[in-house]
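Fold and geometry: a report
The lines below spell out each chain.
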Amino acid sequence: MEECQLPLIDLRGLGSRDERERAACAAAICRASSEWGFFQVVNHGINPGLVRKMRSEQSRLFRLPFDDKVSGGLLNNSYRWGTPTATCPKQLSWSEAFHVPLSKVSHKDCYGDNFTSLRCLLQSYREVMVEFAAAMAELAGTLAGVLVENLGHSRGDFEDICQESSCFLRLNRYPACPTSPEVFGLVPHTDSDFLTILSQDEVGGLQLMKDSRWVAVKPNQDALIVNIGDLFQAWSNDIYKSVEHKVMANAKMERYSIAYFLCPSYETSIGSCREPSKYRKFTFGEYRSQIQEQVKKYGYKIGLPSFRL
Ligand SMILES: C=C1C[C@]23C[C@@]1(O)CC[C@H]2[C@@]12CC[C@H](O)[C@@](C)(C(=O)O1)[C@H]2[C@@H]3C(=O)O
Ligand SMILES: O=C(O)CCC(=O)C(=O)O
Ligand SMILES: [Fe+2]
């Protein structure tokens, strides 16, 4: 498997006093978003101590008994494991995840009913998660601002539709899978959001499609990975690319990652910013429910191609 070095962007450039440095950094973000759909950022402003704390809470959470994760109502019933809809191995994801709507993180009922003995763990988890999500939201907003301004729009318009409460944090755990090197940790997919920020551990396994070939991403502990999602591809009328990616399971080591999904509210209408538009207008709610139907019917997501004009 070919290993690639994703475009590496030093975000200190965006805060530079030198106008040319700011422009060069913004241009690098936009170029990577159209040529790769993926890039990594360093000096992103997220405290490494906070990332470490978040990871340690994440592994404590996954170590809970299976029954508590599945039916304890924990984190708003956001726990998922495997692929309930899979009808063959290629539709199976060898992983578990908490896909947490950030609107629900501060609700006391996101702790679940039967968790009196776990209150302490969950309280500490919640505090770290709220702080982590706020830091990711700020970074996501900065990156999205650069991408919308590049196409002649104001970052303010965008901030109005992508509030933190409509975004998601997904905690992924990929257990070691001794049976086969061909098992997916997460099946090939594109993300259904505007953009995703990913923090991964040192194990590796993430691969993305580049020039019609799968390439592996080399983990870099100082960097966060950013990828464009379907909504930015539709909004930009295909200037920014939502690129297919997957995770391959590791035979010996478990792996963890955390993804922040920058999403609008379900009623937000997504149209292209350029004419002639390549996609019909749709709301994010419509998009999500189409995907759920597709996954139920075919076992996989079709996504954007079903909205193409
Ligand atoms: C079975 C599936 C659920 C999923 C779409 C997919 O076909 C494959 C990957 C899943 C995923 C992972 C990232 C995001 O959480 C997500 C919303 C997405 O776009 O792809 C989910 C999809 C989902 O949960 O609906
Ligand atoms: O774990 C990873 O590296 C990727 C996770 C991912 O693609 C996702 O959660 O959408
Ligand atoms: Fe993804």
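Residues numbered from 1 in each chain as written. Chains lettered and ligands numbered in written order. Predicted model: local features only at pLDDT ≥ 70, side-chain atom pairs only at ≥ 80, totals over all residues. Heavy atoms only, no water.

Most of strand β5 (residues 96-101) is tucked away: 6 of the 6 residues are buried. The two faces of β5 match: Glu96, Phe98 and Val100 on one face and Ala97, His99 and Pro101 on the other face are all buried. One ladder, built from 3 bridges, connects strand β4 (residues 79-81) with β5; its direction is antiparallel. Looking at β5, one finds that arginine 80 is bridged to alanine 97. Bridge count between β5 and strand β6 (residues 168-174): 6 bridges; the pairing is antiparallel. Pairing of valine 100 across the sheet is with leucine 169, part of β6. (Buried < 20%, exposed > 50% of the residue type's maximum accessible area, 1.4 Å probe, protein only. Helix = DSSP H or I, 4+ residues; strand = E, 2+ residues; numbered from the N terminus. Pairing = 2+ DSSP bridges.)

With that settled, the discussion passes to the site of ligand 1. What surrounds ligand 1 is a group of 13 residues, the closest being Arg80, His99, Arg170, Ser192 and Arg288. Contacts to ligand 1 include arginine 170, whose side-chain N or O atom sits 3.2 Å from an oxygen atom. Lysine 301 places a polar main-chain atom, nitrogen or oxygen, 3.3 Å from an oxygen atom of ligand 1. Burial of ligand 1 by the protein amounts to 88% of the accessible area it has alone, namely 470 Å². Only β7 (184-189) and α7 (284-298) provide two or more residues apiece to the shell around ligand 1. Of the residues in the shell around ligand 1, the class split is 4 nonpolar, 4 polar and 5 charged. (Near = heavy atom within 4 Å. Polar contact = N/O pair within 3.5 Å; in protein donor to acceptor, adjacent residues only side chain to side chain. Areas by Shrake-Rupley, 256 points an atom, 1.4 Å probe, with all protein chains shown as cover. Nonpolar A, V, L, I, M, F, W, Y, C, P; charged D, E, K, R; others polar.)

Looking at the metal site, the iron ion (ligand 3) is ligated by His189 (NE2), Asp191 (OD) and His245 (NE2), spaced 2.1 to 2.2 Å from it. Within one chain, the residues donating to the iron ion (ligand 3) are spaced in sequence as H-x1-D-x53-H. Here histidine 245 lies in strand β12 (residues 245-248) and histidine 189 lies in strand β7, a separation of 56 residues in the sequence. Histidine 245 matches histidine 189 in its accessibility class, with the two residues each being buried. (Donors = N, O, S within 2.8 Å, 3.2 Å for Na, K, Ca; no water.)

Here the focus is the side chain of arginine 255. For arginine 255, the position within the fold is in strand β13 (residues 255-262). An unpaired buried charge is present at arginine 255: no salt bridge exists, and aspartate 201, the closest side chain of opposite charge, is 4.3 Å distant. Polar contacts involving the side chain of arginine 255 include one to the side chain of glutamine 200, which spans 2.7 Å. Residues in contact with arginine 255, not counting those within four places in the same chain, are Asn172, Arg173, Tyr174, Gln200, Asp201, Val203, Gly204, Gly205, Leu206 and Val247. (Lys, Arg positive; Asp, Glu negative; His and termini not counted. Salt bridge = Lys/Arg side-chain N within 4 Å of Asp/Glu carboxyl O. Contact = heavy atoms within 4.5 Å.)

Taking strand neighbours across the sheet as the criterion, the 8 strands line up as β2-β3-β11-β8-β13-β6-β5-β4 in an open arrangement whose pairing is mixed. The sheet is open, and its two edges are formed by β2 (8-10) and β4, each paired on a single side. Geometrically, the sheet is characterised by an average inter-axis angle of 25 degrees between neighbouring strands, direction not taken into account. Where helix α1 (residues 19-35) meets the sheet, it contacts β2, β3 (38-42) and β11 (224-228), and its direction lies at approximately 155 degrees from that of β2. Strands in contact with helix α2 (residues 48-62) are β4, β5, β6, β8 (195-200) and β13; relative to β6, the strand with the most contacts, it is inclined by about 65 degrees. (Axes fitted to C-alpha atoms, helices over the stretch in contact; angles between N-to-C directions.)

Note that soluble globular proteins tend to have their nonpolar side chains buried in a common cluster. By size, the foremost hydrophobic cluster in this structure holds 86 residues, and its most contacted members are Leu195, Phe232, Tyr260 and Leu262. Looking at which element gives the most residues to this core, the answer is helix α4 (residues 119-150), with 15 residues. Those residues in contact with leucine 195 that lie beyond four places of it in its chain are Ala140, Leu143, Ala144, Leu147, Val226, Asn227, Ile228, Gly229, Phe232, Tyr260, Phe261 and Leu262. (Core = buried A, V, L, I, M, F, W, Y, C linked by side-chain atoms within 4.5 Å.)

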